[in-house]
Amino acid sequence: MYSYIKALHIIFIVTWFSGLFYMVRLFVYHTEAAAKTEPERSILQNQFRLMIRRLWMGITWPSAILTLVFGPWMMILMGSVPTWLAIKLGFVVGLYGYHFSLQAIYRQQMKGVFRFSSQQLRIWNEVATIFLVAIVMLVVVKQNMSWAWGLLGLFLFVILLMSAIKIYKTIRSRSQKL
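Just so we're clear, the structure is a prediction, and the values are computed from it rather than from any experiment.

Thresholds, definitions, all that
Residues numbered from 1 in each chain as written. Predicted model: local features only at pLDDT ≥ 70, side-chain atom pairs only at ≥ 80, totals over all residues. Heavy atoms only, no water. Helix = DSSP H or I, 4+ residues; strand = E, 2+ residues; numbered from the N terminus. Expected span 1.5 Å × (residues − 1). Axes fitted to C-alpha atoms, helices over the stretch in contact; angles between N-to-C directions. Left-handed = near helix turned anticlockwise from the far one by under 90°. Contact = heavy atoms within 4.5 Å. Nonpolar A, V, L, I, M, F, W, Y, C, P; charged D, E, K, R; others polar. Parallel < 35°, antiparallel > 145°, perpendicular 65-115°, else oblique.

**Q** Would you take a moment to explain helix α4 (residues 118–141) for this structure?
**A** An α-helical turn contains 3.6 residues, so a residue and the one three or four places further along point in the same direction. Here α4 contains 24 residues, and its C-alpha end-to-end distance of 35 Å stays within 8% of the 34 Å for a straight helix at 1.5 Å per residue. Phi turns positive, to about 50 degrees, at K142, one or two residues after α4.

**Q** Help me understand the packing of helix α1 (residues 2–33) against helix α3 (residues 83–110) in this model?
**A** Pairs of packed helices are described in terms of their axes, by the angle between the two and the distance that separates them. Where α1 meets α3, the axes come as close as 11 Å, and the angle between the chain directions of the two elements is 35 degrees. Every pair of crossing elements has a handedness; the one defined by α1 and α3 is left-handed. Of α3, the residues touching α1 (which contributes H9, W16, F17, L20, V24, F27, H30 and T31) are K88, L95, Y96, Y98, H99, L102, I105, Y106 and Q109. Considered class by class, the residues forming the contact of α1 with α3 number 11 nonpolar, five polar and one charged.

**Q** Looking at this structure, how should I read the packing of α3 against α4?
**A** Taken N-terminus to C-terminus, the directions of α3 and α4 make an angle of 160 degrees; their axes are 9 Å apart at the nearest point. Regarding the angle of α3 to α4, the classification is roughly antiparallel. Crossing angle aside, the handedness with which α3 passes α4 is left-handed. Where α3 abuts α4, its residues W84, I87, K88, F91, V92, G94, L95, Y98, S101, L102, I105 and Q109 lie against L121, W124, N125, V127, A128, F131, A134, I135, L138 and V139.

See the structure below:
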């Protein structure tokens, strides 16, 4: 039974993360469409609102809920909560916080309110990547990871990720000038 629950948990984690990653990309495109002229703006924004709503309500939210169902079920079947799992759960709580922040952006964009620039959303999109790396490393490496090396590795990963975003922004702005 445990293996089936674990498999379902992993499946819904994968679909949840897929939704989180693509959702913010759609927010970026929807935000950029607001700068277009008519009729292109209306056409694009109507299409993006439809895509955002379907992804958020049809895939991302159900996957987040089912992840939350199968995760604790797995813990109950395990019978105990090892230290690595307790730390992982801290990151999972943070991931749900991130999910709820996207819910707020979802509501705003559905009303035509764009509080964040496309660049800010691109940076915000990488927060899910940071959670993914932290959670997967904890699950796979478990007790073999030292706190110091784990935190240092995560910190270096964040620096690398933010540097890549900055480089991409520079390249993108140069190509737009040409």
